[in-house]
Amino acid sequence: MSPWPFTPSQPRDYSLPNASWSSEMQRLYEHYNNLCEMETEGGEKIKGAWRRLPSYNRSLKYATGGQCLSKLLQGKARIFTRNIEEQGAGFEYVVFVNKQEKTCVCVFQAGHLLEGPPGHVHGGAIATIIDSVTGTHATYLSGPVMTANLTVNYRSPIPLGSVVLVHSSLDKTEGRKTFLSCQVTSTDGSKMHTEATGIACLCPLVWATSWDSDGQSSRCGDGSSYCSERTAEAKQSPWAVGVLFECILFLNDQFSKTFTSH
Ligand SMILES: CCCCCCCCCC(=O)SCCNC(=O)CCNC(=O)[C@H](O)C(C)(C)COP(=O)(O)OP(=O)(O)OC[C@H]1O[C@@H](n2cnc3c(N)ncnc32)[C@H](O)[C@@H]1OP(=O)(O)O
């Protein structure tokens, strides 16, 4: 039984394999998933350099862009890349991050509803997956961000239904800005499909409250410190109340899992 006052129902984690995944998608998932956990010589399981990021179809339930959502919209809002229920029809993807190398890779299988040119993936869908991966990567590295700039060069078309790798790497951070590079390649790396660069800008509230008195950033890479540090600001901002509430739900969820899985 959960020691927490309320246990939220478990949402579907879209980053886990489903029946629509091709053997190549499954193979790459297993490849990176195996790197998330290593075995020592003594047979002990330890955390590896990589980490799979879970993925849900809802974001902040209570706010967006600094505006409170109506109750009606709260219930209907869905993450763009996760809003197609039919498995395999839209964006099938899983994101892994490497904290040490500050890199990120996404295994992406493009479904039939993402068609642009006949038999190939729509350029907007490609930009969407790039924005999602670089946005997720920047959030993981720096905290909640908005994409300020995204420059995309399409080099070769992506066949519908195929699996590609979306690599994101950190170029530099400068003040509130995180500069990233992204390449979409075939799974064997021989073909470059798309290249992009992006600038993610840390959300103002977080930026304003993320510095210690000695000028050093106090953010955690996984964003876990936001909740406790920003209670005061949250009281003044609907957007922040949403973030705070999500943090509480997330922590409650994590602790519930920890306590109930043994
Ligand atoms: C787990 C989470 C997973 C998330 C995955 C999904 C990711 C999806 C990401 C998105 O799709 S975000 C949606 C698309 N983006 C937007 O709607 C952003 C709209 N733009 C804004 O809200 C503001 O312009 C922005 C927050 C980006 C910046 O406004 P601010 O008023 O906070 O800051 P400001 O304008 O002072 O700019 C801050 C810095 O960024 C720089 N900057 C802003 N826009 C820029 C730009 N377009 N290009 C280059 N630099 C830019 C600007 O020069 C400045 O540099 P310095 O600090 O060095 O002075």
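Heads up: the structure comes first, above all this text.
Only a predicted model underlies this, so the values are computations on that prediction, with no experimental measurement involved. (Residues numbered from 1 in each chain as written. Predicted model: local features only at pLDDT ≥ 70, side-chain atom pairs only at ≥ 80, totals over all residues. Heavy atoms only, no water.)

Caption draft 1: Layout of the sheet that holds strand β3 (residues 50-53). Strand order across the open sheet formed by seven strands is β3-β6-β7-β9-β10-β11-β8, with antiparallel pairing between neighbours. Among the strands making up the open sheet, the edge pair consists of β3 and β8 (145-154). Within this sheet the neighbouring strands show an average axis-to-axis angle of 20°, counted without direction. For β8 and strand β11 (residues 192-202), the ladder comprises nine bridges, and the chain directions are antiparallel. Along β11, the bridge assignment pairs M146 with C201. Packed on one face of the sheet, helix α1 (residues 23-35) meets β3, β6 (91-98), β7 (103-110) and β9 (163-174) and runs near 20° to β6. Of the strands in this sheet, β3, β6, β7, β8, β9, β10 (177-186) and β11 touch helix α3 (residues 123-142), which is tilted by about 135° from β8. (Pairing = 2+ DSSP bridges. Helix = DSSP H or I, 4+ residues; strand = E, 2+ residues; numbered from the N terminus. Axes fitted to C-alpha atoms, helices over the stretch in contact; angles between N-to-C directions. Contact = heavy atoms within 4.5 Å.)

Caption draft 2: Spotlight on the side chain of E92. Summarising the element assignment, E92 is placed in strand β6. R12 is the oppositely charged side chain nearest to the buried, salt-bridge-free E92, at an N-O distance of 4.9 Å. If we ignore the near neighbours within four places in the chain, the residues touching E92 are N18, S20, W21, M25, R82, Q87, V107, F108 and Q109. (Buried < 20%, exposed > 50% of the residue type's maximum accessible area, 1.4 Å probe, protein only. Lys, Arg positive; Asp, Glu negative; His and termini not counted. Salt bridge = Lys/Arg side-chain N within 4 Å of Asp/Glu carboxyl O.)

Caption draft 3: Region of the structure containing the site of the ligand. The environment of the ligand is formed by D131, S132, T136, M146, T147, A148, N149, R176, K177, I199, C201 and P204. Contact distances for the ligand include 2.8 Å between an oxygen atom and a side-chain N or O atom of K177. Calculation on the ligand without its partners gives an accessible area of 1200 Å², and the protein chains cover 44% of this total. Secondary-structure elements contributing two or more residues to the shell around the ligand are α3, β8 and β11. Classifying every residue of the shell around the ligand gives five nonpolar, four polar and three charged. (Near = heavy atom within 4 Å. Polar contact = N/O pair within 3.5 Å; in protein donor to acceptor, adjacent residues only side chain to side chain. Areas by Shrake-Rupley, 256 points an atom, 1.4 Å probe, with all protein chains shown as cover. Nonpolar A, V, L, I, M, F, W, Y, C, P; charged D, E, K, R; others polar.)

Caption draft 4: Region of interest: the nonpolar core. Ranked by internal contacts, the top residues of the largest apolar core, which has 23 residues, are C106, F108, I129 and V166. Mapped onto this core, the elements with two or more residues apiece are β6, β7, α3, β9 and β10. Among the elements that line this core, the one with the most residues is α3, at six residues. Beyond its immediate stretch of four places on either side in the chain, F108 contacts M25, F91, E92, Y93, L114, I129, S162, V163, V164 and V166. (Core = buried A, V, L, I, M, F, W, Y, C linked by side-chain atoms within 4.5 Å.)

Caption draft 5: View of the pattern of salt bridges. Summed over all chains, the structure comprises six salt bridges. R52 serves as the salt-bridge partner of D13, at 3.0 Å between the closest nitrogen and oxygen. Linking D13 in the segment before α1 with R52 in strand β3, this pair joins segments that are 39 residues apart in sequence. A relative accessible area of 23% places R52 in the partly exposed class. Put simply, E174 and K172 hold a salt bridge, and the shortest N to O gap is 3.3 Å. Residue E174 is classed as partly exposed on the basis of its relative accessible area, which comes to 37%.

Taken by themselves, the reported measurements are silent on function.
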